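Structure assessment
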Amino acid sequence: METLDRHDVLLLAELQRDARQTVQQLAEAVGLSSTPCWKRVKEMEAAGIIRGYTALVDRERVGLALCVLAEVNLTRHNEDDVRRFEQAVAATPQIVSCYATTGQADYVIKVLVPDIKSYESFLHEVAFRLPGVTHVRSSVVLKEVKADTRLPLLPPAPPAAAPRRGRSR
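To keep things clear, this report deals only with the structure shown in the data block. Predicted model only: the values in this text are computed from it and were never measured.

Ordered by their spatial adjacency, 4 strands build an open sheet running β2-β3-β1-β4, and the pairing between neighbours is antiparallel. With partners counted over all chains shown, the strands left at the sheet margins are β2 (95-100) and β4 (133-140), one partner each. For this sheet, the mean angle separating the axes of adjacent strands, direction not counted, is 20°. Sheet topology places strand β1 (residues 66-74) next to strand β3 (residues 107-113); 7 bridges connect them, and they run antiparallel. Residue Val 72 lies in a different strand from β3, and its bridge partner there is Tyr 107.

In structure tokens form, the structure reads like this:
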């Protein structure tokens, strides 16, 4: 797929706002007719720009009241150890995000569990047993100030107007 134009970015923003909209609703919101709108969405899905659709669930209302950000350090950083660690993280449901980072930690993980006792169990039964883990430093989240899943998409700027020719008065 070529670069995204203004309509593509507007479509993505609308889908991030509400992915349950009909094609007709999307088309009206971005100023296209239904068929071109549908084609653009399908092209972005095929290109992997749109990776999927999901429901946003309130974690506390489903019993996941404790959110912990943990910095993780590995013993060694060879390709095999890193791959094994990352595969184990991907297979661990309590770890909802993981970032390889610069600075003091090799990785930062976000862990969701029901309570502090559950987190203690997670540390001993899961985190400390992840391949290559040498150190885990935990920070309990007291309050989520912002937890948005939407990307900050800005439509491309319209092309600049061509300079006028002729004499000015």
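As a further point, take the packing of helix α1 (residues 6-17) against helix α2 (residues 23-30). Where α1 meets α2, the axes come as close as 10 Å, and the angle between the chain directions of the two elements is 125°. On the basis of the axis angle, α1 is oblique to α2. α2 is crossed by α1, and the crossing has right-handed handedness. Mapping the contact onto sequence places His 7, Leu 10, Leu 11, Glu 14 and Leu 15 in α1 and Leu 26, Ala 29 and Val 30 in α2. Looking at the contact of α1 with α2 residue by residue, the class counts come to 6 nonpolar, 1 polar and 1 charged.

For the rest of this paragraph, the subject is the layout of surface pockets. If a probe as big as a water molecule is rolled over the atoms, it shows which places are left empty. In this structure, the largest pocket spans a volume of roughly 1,100 Å³. Lining the largest pocket are 31 residues, and of these Thr 54, Leu 56, Asp 148, Thr 149 and Arg 150 lie nearest its centre. Per-element accounting of the lining of the largest pocket gives the leading share, 4 residues, to α1. Here the lining of the largest pocket is composed, by residue class, of 16 nonpolar, 5 polar and 10 charged.

A few words on helix α5 (residues 116-125). Every buried residue of α5 is accounted for by Tyr 119, Phe 122 and Leu 123. Angularly, the buried residues of α5 cover 100° about the axis, an arc narrow enough to put them on a single face. When the buried face of α5 is taken as reference, the exposed residues oriented beyond 90 degrees from it are Lys 117 and Glu 125. Elements in contact with the buried residues of α5: β1, β2, β3 and β4. In this structure Asp 115 caps α5, since a side-chain oxygen of it lies 3.3 Å from the backbone nitrogen of Lys 117.

Moving on, we come to the pairing of β2. As defined by bridge partners, β2 adjoins β3 across 5 bridges and the pair is classed as antiparallel. Within the sheet, the bridge partner assigned to Ile 95 lies in β3 and is Val 111. Between β2 and β3, which pair antiparallel one after the other, the connecting turn spans 6 residues, and Gly 103 there sits at a positive phi close to 95°.

Time to look at the pattern of salt bridges. Oppositely charged side chains can pair when the atoms bearing their charge come close. The full count for this structure, using the stated rule, is 11 salt bridges. Measuring nitrogen to oxygen at the nearest pair gives 2.2 Å for the salt bridge that ties Glu 71 to Arg 137. With Glu 71 in strand β1 and Arg 137 in strand β4, this residue pair connects regions lying 66 residues apart in the sequence. By relative accessible area, Arg 137 is classed as partly exposed at 35%. Two residues, Arg 84 and Asp 81, come together in a salt bridge whose shortest N-O distance is 3.2 Å. Taken together, the residues Arg 84 and Asp 81, both in helix α4 (residues 79-90) and 3 residues apart, mark about one turn of the helix. For Asp 81, a relative accessible area of 5% corresponds to the buried category. Overlapping salt bridges, with partners in common, bring together Asp 5, Asp 8 and Arg 40 in one network.

The rules behind these values
- Residues numbered from 1 in each chain as written.
- Predicted model: local features only at pLDDT ≥ 70, side-chain atom pairs only at ≥ 80, totals over all residues.
- Heavy atoms only, no water.
- Pairing = 2+ DSSP bridges.
- Helix = DSSP H or I, 4+ residues; strand = E, 2+ residues; numbered from the N terminus.
- Axes fitted to C-alpha atoms, helices over the stretch in contact; angles between N-to-C directions.
- Parallel < 35°, antiparallel > 145°, perpendicular 65-115°, else oblique.
- Left-handed = near helix turned anticlockwise from the far one by under 90°.
- Contact = heavy atoms within 4.5 Å.
- Nonpolar A, V, L, I, M, F, W, Y, C, P; charged D, E, K, R; others polar.
- 1 Å grid on protein atoms, 1.4 Å probe; cavity = no way out; pocket = protein on both sides within 12 Å on 5 of 7 lines; lining within 4 Å.
- Points joined across faces, edges and corners; volume = space filled by probe spheres on them.
- Buried < 20%, exposed > 50% of the residue type's maximum accessible area, 1.4 Å probe, protein only.
- Arc of directions from axis to C-beta.
- Polar contact = N/O pair within 3.5 Å; in protein donor to acceptor, adjacent residues only side chain to side chain.
- Salt bridge = Lys/Arg side-chain N within 4 Å of Asp/Glu carboxyl O.

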